[in-house]
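Per-entry structural report
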Amino acid sequence: MKVLGIESSCDETGVALYDTERGLLGHRVHSQIDLHAAYGGVVPELASRDHIRRLPLLVRETLADAGCALGELDALAYTAGPGLAGALLVGAGMAEALAMALGVPALPVHHLEGHLLSPLLAADPPAFPFVALLVSGGHTQLMRVSGVGEYELLGESLDDAAGEAFDKTAKLLGLGYPGGPQLARLAEQGTTGRFRLPRPMLNSGDLDFSFSGLKTAVLNVVSAPGWHAVDAVDLAADFQQAVVEVLVRKALAALRRTGLRHLVVAGGVGANRQLRAQLDEAARRRGWRVYYPEPELCTDNGAMIAFAGALRLAAGERVAGDGEIRIRPRW
Ligand code: KG4
Ligand code: ZN
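An account of the accompanying structure is given in this report.

About the cut-offs
- Residues numbered from 1 in each chain as written.
- Chains lettered and ligands numbered in written order.
- Predicted model: local features only at pLDDT ≥ 70, side-chain atom pairs only at ≥ 80, totals over all residues.
- Pairing = 2+ DSSP bridges.
- Helix = DSSP H or I, 4+ residues; strand = E, 2+ residues; numbered from the N terminus.
- Axes fitted to C-alpha atoms, helices over the stretch in contact; angles between N-to-C directions.
- Contact = placed C-beta atoms within 7 Å.
- Buried ≥ 20, exposed ≤ 12 C-beta atoms within 10 Å, placed from the backbone.

**Describing the sheet that holds strand β1 (residues 2-7)**
The strand order across the open sheet built from 5 strands is β3-β2-β1-β4-β5, with neighbouring strands paired in mixed fashion. Either end of the sheet is taken by a strand with one partner, and the two such strands are β3 (23-31) and β5 (106-110). Across the sheet, the axes of successive neighbouring strands diverge by a mean angle of 20°, strand direction being ignored. Two elements, β1 and strand β4 (residues 75-81), share 4 bridges in a ladder whose sense is parallel. Paired with Ile-6 across the bridge in β4 is Tyr-78. Against the sheet, helix α3 (residues 85-102) engages β1, β4 and β5, with an angle of about 155° to β4. Relative to the sheet, helix α10 (residues 303-314) contacts β1, β2 (12-19), β3, β4 and β5, its axis offset from that of β1 by approximately 135°.

**Thoughts on the environment of Ile-305**
Inspection of the secondary structure puts Ile-305 in helix α10. Beyond its immediate sequence surroundings of up to four residues, Ile-305 is in contact with Gly-5, Ile-6, Glu-7, Ala-77, Tyr-78, Thr-79, Val-109 and Gly-114.

**Quick notes on helix α5 (residues 162-172)**
Across the 11 residues that make up α5, a large majority, 9, are buried. The set of residues buried in α5 consists of Ala-162, Gly-163, Glu-164, Ala-165, Phe-166, Asp-167, Lys-168, Thr-169 and Ala-170. Contacts from the buried residues of α5 go to β6 (130-135), β7 (140-147), α6 (179-188), α7 (212-223) and α8 (232-258). Looking one or two places after α5, you find Gly-174, whose phi comes out positive at around 80°.

**Structural notes on the sheet that holds strand β10 (residues 289-291)**
Ordered by their spatial adjacency, 5 strands build an open sheet running β8-β7-β6-β9-β10, and the pairing between neighbours is mixed. The open sheet has two free edges, formed respectively by β8 (150-156) and β10, since each of these has just one partner strand. Strand-to-strand, the axes of this sheet are offset by a mean angle of 25°, without reference to chain direction. Sheet analysis places strand β9 (residues 262-266) next to β10, joined by 3 bridges and oriented parallel. Within β10, the position partnered with Leu-263 by the bridge is Val-290. In the packing of α8 onto the sheet, contacts are made with β6, β7, β8 and β9, and the angle to β6 comes to roughly 155°. Lying on the sheet, helix α9 (residues 273-286) is in contact with β9 and β10; it crosses β10 at an angle near 150°.

Below, the structure is given as structure tokens:
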């Protein structure tokens with residue numbers, strides 16, 4: 001079965017074709033980073049308009065890459081939420097319209113389910129059940145994943161998501177948008193240990209997180225007298241270390257608690273090199289294993305949506321391509 005996946009929940013337009021027999025046949029992403037950079041963050045109306053501009057061409061190019069005609073599609077899958085309402089509408093509208101014209105199903109997919117299942121697209125995928133650490137700009141969650149659609153929330157952030165903390169702290173340090181990756185790059189050049197930052201909820205005894213206090217601690221450092229901008233590299237390194245330490249400790253606690261040995265890391269922050277290095281090291285010592293999506297599938301993309309849609313279709317889910325646009329911005 002061939003499923004065309006469309007992602008347009010935020011500032012990336014992603015389209016991909018997944019074939020249940022042959023795997024990923026085509027996969028294209030257009031990033032709107034340049035468009036929003038001047039504003040220091042995503043401007044929802046500009047995002048929607050750019051999705052409208054890019055999507056038809058991306059669909060055509062992805063089908064051409066895959067050597068697949070529109071009429072060969074067995075289903076469409078699209079991100080139905082969570083995300084920006086206007087942006088979601090663009091992808092949902094395109095997918096539902098194509099599905100109605102072709103007489104095939106259109107499957108609304110939860111954006112986080114896409115991220116969660118994306119490591120299964122790797123060459124050496126994990127088997128169910130596993131623990132998933134989902135770390136994106138909007139969410140920080142630990143989940144027990146027993147199968148497609150079988151997710152048990154073990155813990156989550158009570159305030160800012162890890163990616164959000166990276167982005168907000170980057171702004172405090174005067175870095176451009178998108179802040180997370182820039183902050184991580186700066187941190188690579190710094191030395192940890194100069195600034196005493198908190199490790200929020202490290203010993204809370206549960207699997208929940210809190211990151212907003214960490215951002216405030218950084219604000220206190222940079223607004224104190226005697227702060228020198230040249231110290232930003234070391235502050236970045238200490239901030240990154242604080243986030244990574246909490247994520248690693250809680251992920252390990254989730255593995256212990258569930259008795260599982262496989263951890264899947266998904267979402268944009270999963271691209272962080274320190275997080276990967278420290279998770280790998282901690283897991284290796286215990287004989288556990290950590291799985292990541294392919295680097296290009298860590299951030300938002302259509303492949304994870306096509307894949308999640310294909311798995312749902314294979315599991316028997318049927319949604320009529322009736323033209324009804326099913327978006328859930330706060331899903
Ligand atoms: O999953 P994603 O692409 O979009 C959401 O669904 O949110 O994640 C984006 C988030 C942003 O907050 C971004 O700053 C963060 O992931 N991010 C990183 C890194 N790369 C992306 N945070 C820390 N280190 C990175 N290398
Ligand atoms: Zn995402």
